[in-house]
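Working through the structure, step by step
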Amino acid sequence: MTEKQSVDIQRFADIEYNLSVIRERIAKAAELSGRAAGEVTLMAVTKTVEPEYINYAIDCGIDLIGENKVQEYLGKKPYLRECEAHLIGHLQTNKVRQIVGEVSMIQSVDSVRLANEIAKRSLASGITTDILAEINVGGEDSKSGIEWDVAEETVAQLAEIEGIKLRGLMAIPPVCENSDEARMFFSKMRRLFVDIRDKKLDNTDISILSMGMSSDYYEAILEGSTLVRVGSSIFGRRIY
Ligand SMILES: *Cc1c(COP(=O)(O)O)cnc(C)c1O
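Quick look at the structure, then. Please read all numbers here as calculations on a predicted model, not as lab measurements. (Residues numbered from 1 in each chain as written. Predicted model: local features only at pLDDT ≥ 70, side-chain atom pairs only at ≥ 80, totals over all residues. Heavy atoms only, no water.)

1. Side note on the overall build of the chain
On a plain count of helices and strands, the chain comes out with 9 helices and 9 strands. The C-alpha atoms of the chain give a radius of gyration of 18 Å, which matches the 18 Å a tight globule of 240 residues would have. Its C-alpha atoms put the chain at 50 × 45 × 30 Å along the principal axes. Across the 240 residues of the chain, 49% fall into the buried class. The contacts in the chain between residues at least 6 apart in sequence include a share of 61% that link residues at least 24 apart. Accessible surface for the chain amounts to roughly 12,000 Å². Of this, 46% is attributable to carbon and sulfur atoms. (Helix = DSSP H or I, 4+ residues; strand = E, 2+ residues; numbered from the N terminus. Rg over C-alpha atoms; globule rule 2.2 N^0.38 Å. Buried < 20%, exposed > 50% of the residue type's maximum accessible area, 1.4 Å probe, protein only. Contact = heavy atoms within 4.5 Å. Areas by Shrake-Rupley, 256 points an atom, 1.4 Å probe, with all protein chains shown as cover.)

Laid out in structure tokens, this is it:
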């Protein structure tokens, strides 16, 4: 983003085409799961993507973007058109102060400690921050997220914290061999989501089940995802 590179016209065309294909698949999967296409939100994941391409996706109708890193998002934000943004990457407590108020939701809340920090900074700014509880559905050591075995009790604790509002759950299942295996993880998440939603915990407004990425958003929607986070299928392979 320092030296302005020449804009790649072909990439704009690809983004527009990719979005049309993805929207069709979302509509198809939504229909098969007994829902309208409009009941599934498409988030464009914009990590490593330069602002001109993000803005083009916004021109093509994207109204929600997701970024993983606080610094990267704050660096790009002044160059972006008006668009709702969520933080979806692992968040360290020492970065909370910088991100609270800058995004409309933090999807990657994986501990009570982090939630308390977000709440503290939100109250200090006079706002309430919407959050999702990230669940480590595959029990992988390499992934962050709340452990499956303590998911329900941890979520209940998050619900009680003033300064944040629990809106639902997020998960990144393990890389799967086949779509049946992926669907098993999504279905497990869906059951947890319904259990938690039906508890009608005070101070919560649980309606979002964020799961599904480029390789598996179709399966995720079949199993009840309400928000898919798609990056490389829109913008092309990421170059770090
Ligand atoms: C990068 C990322 C995505 C999107 O991944 P793609 O495979 O490029 O679609 C979704 N969710 C999270 C949390 C990510 O870090």
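Text resumes after the structure shown.
2. Quick look at the site of the ligand
The environment of the ligand is made up of Val45, Lys47, Asn68, Ile88, Ile172, Met213, Ser214, Arg229, Val230, Gly231, Ser232 and Arg238. Between an oxygen atom of the ligand and a side-chain N or O atom of Lys47, the distance comes to 2.6 Å. Here Arg238 contributes a side-chain N or O atom positioned 2.8 Å from an oxygen atom of the ligand. For the ligand, the protein covers 90% of the area, taking 380 Å² as the surface of the free molecule. (Near = heavy atom within 4 Å. Polar contact = N/O pair within 3.5 Å; in protein donor to acceptor, adjacent residues only side chain to side chain.)

3. Structural notes on helix H7 (residues 179-198)
Side chains that are three or four residues apart share a direction in an α-helix, a result of its 3.6 residues per turn. Look at H7: 28 Å from first C-alpha to last across 20 residues, which is about the 28 Å you get at 1.5 Å a residue. Considering only its buried residues, H7 is in contact with strand S5 (129-136), helix H6 (151-159), strand S7 (164-171), strand S8 (208-210) and helix H8 (217-222). By the N-cap criterion, in which a side-chain oxygen at the helix start approaches the backbone nitrogen of a residue two or three places on, H7 is capped by Asn178, the distance to Asp180 being 3.1 Å. Phi for Lys200, located one or two positions after H7, is positive at around 45°. (Expected span 1.5 Å × (residues − 1).)

4. So, the pattern of salt bridges
Tallying each qualifying case throughout the model produces 13 salt bridges. Members of the salt-bridge network, linked through shared partners, are Glu67, Glu72 and Lys76. (Salt bridge = Lys/Arg side-chain N within 4 Å of Asp/Glu carboxyl O.)

5. A word on the side chain of Thr154
Structurally, Thr154 is set in helix H6. Classification of Thr154 as buried rests on a relative accessible area of 9%. Not counting residues up to four positions away in its chain, the partners in contact with Thr154 are Val112 and Ile146.

6. What about the pairing of strand S9 (residues 227-230)?
Going residue by residue along S9, you find Leu227 and Arg229 tucked away on one face and Val228 and Val230 tucked away on the opposite face as well. Judged from the 4 bridges that link them, strand S1 (residues 41-45) and S9 form a sheet pairing that is parallel. In the strand pairing of S9, Ala44 is matched with Val230. (Pairing = 2+ DSSP bridges.)

7. Re the packing of helix H1 (residues 9-32) against helix H2 (residues 51-59)
Where H1 contacts H2, the axes come no closer than 10 Å and their chain directions differ by 40°. Here H1 is positioned oblique relative to H2, judged by the angle of their axes. The hand of the H1/H2 crossing is right-handed. Facing H1, whose interface residues are Arg11, Phe12, Ile15, Glu16 and Leu19, H2 presents Glu52, Tyr53, Tyr56 and Ala57. Per-class residue counts for the contact of H1 with H2 are 6 nonpolar, no polar and 3 charged. (Axes fitted to C-alpha atoms, helices over the stretch in contact; angles between N-to-C directions. Parallel < 35°, antiparallel > 145°, perpendicular 65-115°, else oblique. Left-handed = near helix turned anticlockwise from the far one by under 90°. Nonpolar A, V, L, I, M, F, W, Y, C, P; charged D, E, K, R; others polar.)

8. A short note on unusual backbone geometry
One non-glycine residue, Thr48, adopts positive backbone phi at about 70°. Relative to the helices and strands, Thr48 is located in the loop between S1 and H2. Here the phi dihedral of Asn203 falls at roughly 70°; this positive angle occurs in a residue that is not glycine. Relative to the assigned elements, Asn203 resides in the loop between H7 and S8.

9. Describing H2
Every buried residue belonging to H2 is among Pro51, Tyr53, Ile54, Asn55, Ala57 and Ile58, and all of these are buried. If you follow the buried residues of H2, they end up packed against H1, strand S2 (64-67), helix H3 (70-76) and helix H9 (232-235). After H2 finishes, the residue Gly61 shows a positive phi value of roughly 110°.

10. Quick word on the environment of Gly34
By the secondary structure assignment, Gly34 is in the loop between H1 and S1. For Gly34 and Gly224, which are 190 residues apart along the polypeptide, the C-alpha to C-alpha distance reads 9.5 Å.

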